[in-house]
Amino acid sequence: MSADPPRDSIAVAITGASGALYATRTVAALLERGCHIELIVTEYGRRLLRDELGESAAVEKLAGYLAGRYGDGVRRGTFTLHSNRDLGARIASGSQDCRAMVVVPCSMKTLAGIAHGLSRTLTERAADVMLKERRTLIIVPRETPMSLPQLRNMVLCAEAGAMVMPAMPAFYQMPRTLDDLADFMAGKILSAIGISHELYPRWGS
Ligand SMILES: Cc1cc2nc3c(=O)[nH]c(=O)nc-3n(C[C@H](O)[C@H](O)[C@H](O)COP(=O)(O)O)c2cc1C
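Residues numbered from 1 in each chain as written. Predicted model: local features only at pLDDT ≥ 70, side-chain atom pairs only at ≥ 80, totals over all residues. Heavy atoms only, no water.

Draft legend 1. View of the packing of helix H4 (residues 108–115) against helix H5 (residues 122–132). Viewed as axis vectors pointing N to C, H4 and H5 meet at an angle of 45°, and their least axial separation amounts to 9 Å. With respect to H5, the axis of H4 lies oblique. As H4 packs across H5, the resulting crossing turns out to be right-handed. Contacts between H4 and H5 pair Thr110, Gly113 and Ile114 from the former with Thr123, Glu124, Ala127 and Leu131 from the latter. For the contact of H4 with H5, the residue count by class is 3 nonpolar, 3 polar and 1 charged. (Axes fitted to C-alpha atoms, helices over the stretch in contact; angles between N-to-C directions. Helix = DSSP H or I, 4+ residues; strand = E, 2+ residues; numbered from the N terminus. Parallel < 35°, antiparallel > 145°, perpendicular 65-115°, else oblique. Left-handed = near helix turned anticlockwise from the far one by under 90°. Contact = heavy atoms within 4.5 Å. Nonpolar A, V, L, I, M, F, W, Y, C, P; charged D, E, K, R; others polar.)

Draft legend 2. Seen up close, the sheet that holds strand E5 (residues 136–141). Spatially, the 6 strands line up as an open sheet ordered E3-E2-E1-E4-E5-E6, and their pairing is parallel. The two strands at the open ends of the sheet, each matched to only one other strand, are strand E3 (78–82) and strand E6 (163–164). Examined bridge by bridge, strand E1 (residues 9–14) and strand E4 (residues 100–106) share 4 bridges and lie parallel to one another. In the strand pairing of E4, Ala11 is matched with Met101. In the packing of helix H7 (residues 178–193) onto the sheet, the strands contacted are E1, E4, E5 and E6, and the crossing angle to E5 comes to about 160°. (Pairing = 2+ DSSP bridges.)

Draft legend 3. View of the state of the cysteines. Scanning the model with the defined rule gives 0 disulfides in all. Counting only cysteine sulfurs, Cys98 is the nearest neighbor of Cys35, a cysteine outside any disulfide, at a range of 10 Å. Sulfur of Cys157: no disulfide; nearest cysteine sulfur belongs to Cys106 and is 7.3 Å away. (Disulfide = S-S within 2.5 Å.)

Draft legend 4. Broad picture of the nonpolar core. Counting residues in each nonpolar core, the largest one holds 44 residues, and the members touching the most others are Val12, Leu30, Leu66, Val140 and Ile193. Those elements giving two or more residues to this core turn out to be E1, helix H1 (20–32), strand E2 (36–41), helix H2 (43–53), helix H3 (62–70), E4, E5 and H7. Here this core gets 9 residues from one element, more than from any other, and that element is H1. Residues contacting Val140, with those up to four places away along its chain left out, are Val102, Val103, Val104, Pro105, Cys106, Met165, Pro166, Ala167, Met185 and Ile189. (Core = buried A, V, L, I, M, F, W, Y, C linked by side-chain atoms within 4.5 Å. Buried < 20%, exposed > 50% of the residue type's maximum accessible area, 1.4 Å probe, protein only.)

Draft legend 5. The site of the ligand, seen in detail. Around the ligand, the structure places 14 residues, and the nearest of them are Gly16, Thr42, Ser107, Thr110 and Arg142. Ser107 places a side-chain nitrogen or oxygen 2.5 Å from an oxygen atom of the ligand. Look at the ligand: alone it shows 640 Å² of surface, and the protein chains cover 73% of it. Looking at the shell around the ligand, the elements with two or more residues in it are H2 and H4. (Near = heavy atom within 4 Å. Polar contact = N/O pair within 3.5 Å; in protein donor to acceptor, adjacent residues only side chain to side chain. Areas by Shrake-Rupley, 256 points an atom, 1.4 Å probe, with all protein chains shown as cover.)

Draft legend 6. Expanded view of the packing of aromatic side chains. Counting across every chain of the model gives 2 aromatic pairs. Their ring planes at 85° and their centres at 6.2 Å tell us that Tyr172 and Phe184 sit as a pair that is edge-to-face. Highlighted residues: Tyr172 in the loop between E6 and H7 and Phe184 in helix H7, separated in sequence by 12 residues. Measuring from centroid to centroid gives 5.0 Å for Phe184 and Tyr200, while their planes differ by 35°, and the two rings are tilted. Of the two residues, Phe184 sits in helix H7 while Tyr200 sits in the segment after H7, which places them 16 residues apart along the sequence. For the pair Phe184 and Tyr200, a shared accessibility class is recorded, and that class is buried. Taken together, the aromatic side chains of Tyr172, Phe184 and Tyr200 make up a single cluster linked through ring pairs. (Phe/Tyr/Trp six-rings, centres within 6.5 Å; stacked < 30°, edge-to-face > 60°.)

Now the structure itself:
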C-alpha cells in the first residue's frame, strides 16, 4: 500500500482590501487542485469577506461557502486557518514547507508592512520568510488612486523579490460576470505559482 503523496502547500493571506472574491476564487482554485493551504485572514479581511460576499462567507463558514459557490471539487484540498496574531505558527518559520505565498487582496497597510520587513503580524512575518528564503511571494494590491508611498512600497517589494500583481483583470476576455473577473485574477496567480488551470481561455485560443 503506497502512502498518499504530500500535498502542495501554499500560504494565502486575505487582507482588508476590496476584492474578497479574488481571494475566495484563488483559495477554491488551489483546493480544487488538491493543495494544502495555510490560510491567514486579517481582522479587516474577515470584515471584507462578510461585507462583499455576505454572512455565509464569514471565515467560520468558509469551507461550506467555497463548496456551495465553487462545487465539491474544493474538497480535494485542505486548509488550516491561522490567527494573524499567532507569530508562533509554522509558517512564521523558515523551516516551513510552503513553496509559495499569495497575499490576495493586499491592503496598502499590509503592503507597507511587507515592504519594510516589519513582521508585526503572521501575514507580514510569513511574507518576510518567503522573501528571505527566496521563495515565491505574490502580492495582489488593491487601491486607487495610489499615493507615492504606496507606489514606493510596491517597488520595495518587487526589489526584494516579490511578484507584484495588482488586482487589474483584463477585459479582452469579454467578462460578463464578477466571477469572470475573479477567474482571471485567480488564473494569473495560479500561473505565477506554476499550477496549470483553465480559469480563462488562453490569448488567441
Ligand atoms: C469596506 C472597506 C474597504 C476597504 N478597501 C480597501 C482597499 O481597497 N485597499 C486598501 O488598501 N485598504 C482598504 N480598506 C482599509 C483597510 O481595511 C485598512 O487599512 C485595514 O487596516 C487593513 O488591515 P489589514 O491589512 O491588516 O487587513 C478598506 C476598509 C474597509 C472597511
